Amino acid sequence: MPVDLEKFTKHLRAHAAPKPPGKGQCGLFVRKALQAGGANFYGSYPPQGKLYGPALEKLGFHRITVENPDTFHFQKGDVMVMESYKGSTNNAGHVAGFDGGNWISDFVQNDFWAGPTYRKQKPRPTYAVYRY
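What you see is a predicted model, and the numbers here were worked out from it, not measured in a lab.

Novice: Hey, could you run me through the overall build of the protein chain in this one?
Specialist: Helix and strand counts for the protein chain stand at four helices and five strands. Mapped from its N terminus to its C terminus, the protein chain presents α and β elements in the order α-α-α-β-β-β-β-α-β. Relative to the compact-globule value of 14 Å for 132 residues, the protein chain shows a C-alpha radius of gyration of 13 Å, a close match. Seen through its principal axes, the protein chain has C-alpha atoms that stretch 40 × 30 × 30 Å. Taken over 132 residues, the protein chain has a buried fraction of 48%.

Novice: How do you make sense of the side chain of Ser84 when you look at a structure like this?
Specialist: Note that Ser84 resides in the loop between β2 (79-82) and β3 (94-98). With a relative accessible area of 13%, Ser84 lands in the buried category. Polar side-chain contacts of Ser84 include one of 3.0 Å to the backbone oxygen of Asn91. Polar side-chain contacts of Ser84 include one of 3.2 Å to the backbone nitrogen of Ala92. Not counting residues within four places of it along the chain, the set of residues in contact with Ser84 comprises Lys50, Asn91, Ala92, Gly93, Tyr118 and Pro125.

Criteria and cut-off values
- Residues numbered from 1 in each chain as written.
- Predicted model: local features only at pLDDT ≥ 70, side-chain atom pairs only at ≥ 80, totals over all residues.
- Heavy atoms only, no water.
- Helix = DSSP H or I, 4+ residues; strand = E, 2+ residues; numbered from the N terminus.
- Rg over C-alpha atoms; globule rule 2.2 N^0.38 Å.
- Buried < 20%, exposed > 50% of the residue type's maximum accessible area, 1.4 Å probe, protein only.
- Polar contact = N/O pair within 3.5 Å; in protein donor to acceptor, adjacent residues only side chain to side chain.
- Contact = heavy atoms within 4.5 Å.

Below is the structure:
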């Protein structure tokens with residue numbers, strides 16, 4: 001079943017906290033938004049944000065090259081998957097969707113980076129961006 005990106009991004013926006021910080025539920029919020037857009041995980045979905053890449057590919061997303069997320073022009077429905085930052089206590093990484101204006105997970109992010117630790121760390125955590 002195709003994923004309706006309009007329904008996906010609308011659900012993200014409607015259910016996320018309006019500002020940081022999140023509550024560590026990025027995977028849950030992104031999964032529910034994808035399901036609202038018609039995605040079917042067949043009862044098996046990634047337990048952590050950083051593990052969403054293969055599931056997104058099964059849904060029909062493909063990985064795109066983004067050399068600098070601070071200047072890249074993302075499209076509505078893009079999904080980012082990010083490794084954990086060095087020193088993370090839960091090592092879960094992050095996943096978020098782009099609604100055409102903001103990156104959103106369980107909260108509306110200030111930018112591509114999930115928070116100040118991701119933003120300030122050098123080198124920054126590795127990431128991948130997927131497009132439907």
